[in-house]
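Chain residues, written in single-letter form:
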Amino acid sequence: MLLTAIILIIVLGAVFDFVRVLLLYALVWLAPIGVAMATLQMMLAYYPDDPSMIFFAVVIAVVVTRVLIEALAVAVRRARA
């Protein structure tokens, strides 16, 4: 029984660590995509006849989101060290 409990704890720890890594990758990759889609929807509602403004707004929103995520990652790394 004790061996089974130890094995279960190890397996659950590995699964939770894997899920944490997947969530971090989802944040890094899906957050900018979600921001781009939301920005595109908003810009199309307000400026439907100006494709250059829509393009630059979407690009700027994605780049700013990615930079903020990277800044958050750097802050977490420094806080842990």
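Along every chain, residues carry numbers that run from 1 in the direction the sequence is written. With pLDDT at 70 or above as the cut-off, local features in this predicted model cover only qualifying residues; side-chain atom pairs require 80 or more to be listed or tallied, and sums for whole chains, interfaces and linings still use all residues. Water and hydrogen atoms were dropped before computing side-chain values, which therefore reflect all heavy atoms in the structure.

(A) How the structure looks around the overall build of the chain. The helix count covers DSSP runs of H or I at least four residues long, the strand count covers runs of E at least two residues long, and both are numbered beginning at the N terminus. The secondary structure content of the chain amounts to two helices and zero strands. Expressed along its principal axes, the backbone C-alpha trace of the chain runs to roughly 70 × 30 × 10 Å. Only protein chains enter the area calculation, which uses a 1.4 Å probe; residues under 20% of their type maximum are buried, those over 50% are exposed, and those in between are partly exposed. For the chain, the proportion of its 81 residues judged to be buried stands at 12%. Surface accessibility follows the Shrake-Rupley procedure with a 1.4 Å probe radius. Residue values consider only the protein chains on display as shielding. When the accessible surface of the chain is summed, it comes to about 6700 Å², and 79% of that surface belongs to carbon and sulfur atoms.

(B) Structural context of the pattern of salt bridges. Here, a salt bridge means any Lys or Arg side-chain nitrogen found within 4 Å of an Asp or Glu carboxyl oxygen. Under the counting rule described, the total for this entry stands at three salt bridges. Close ionic contact of Glu70 with Arg66 constitutes a salt bridge, the shortest N to O distance being 3.7 Å. On the criterion of helical spacing, the pair formed by Glu70 and Arg66 is a turn pair, its members being four residues apart in helix α2 (residues 51-80). Assessed through its relative accessible area of 35%, Glu70 is described here as partly exposed. For Arg66, a relative accessible area of 34% translates into the label partly exposed. Through salt bridges with shared partners, one network takes in Arg66, Glu70 and Arg77.

(C) Representation of the packing of helix α1 (residues 2-46) against α2 in the model. Whenever a helix is involved, its axis is fitted only over the stretch in contact; in every case the axis is a line through C-alpha atoms, and angles between N-to-C directions fall within 0 to 180 degrees. Following both chains from N to C, one finds α1 and α2 inclined at 150°, their axes separated by 9 Å at the closest point. Here α1 lies roughly antiparallel to α2, going by the angle between them. Handedness of the α1/α2 crossing: right-handed. The residues of α2 that touch α1, namely those facing Leu27, Val28, Ala31, Pro32, Val35, Ala36, Thr39, Leu40, Met43 and Leu44, are Met53, Ile54, Ala57, Val58, Ala61, Val62, Thr65, Arg66 and Ile69. In this classification, Asp, Glu, Lys and Arg are treated as charged, Ala, Val, Leu, Ile, Met, Phe, Trp, Tyr, Cys and Pro as nonpolar, and every other residue, Gly included, as polar. Looking at the contact of α1 with α2 residue by residue, the classes come out as 16 nonpolar, two polar and one charged. Small angles under 35 degrees read as roughly parallel and large ones over 145 as roughly antiparallel, with 65 to 115 read as roughly perpendicular and the rest as oblique. By definition, any crossing whose near helix is turned counterclockwise from its far helix by less than a right angle is left-handed, and any crossing with a clockwise turn is right-handed. Pairs of residues are marked as contacts when any of their non-hydrogen atoms sit within 4.5 Å.

(D) How the structure looks around α2. End to end, α2 covers 44 Å across 30 residues, agreeing with the expected 44 Å (1.5 Å per residue, within 8%). Of all the positions in α2, only Ile54, Ala57, Val58, Ala61, Thr65 and Ile69 are classed as buried. In this scheme, a helix's expected span is set at 1.5 Å multiplied by one less than its residue total.

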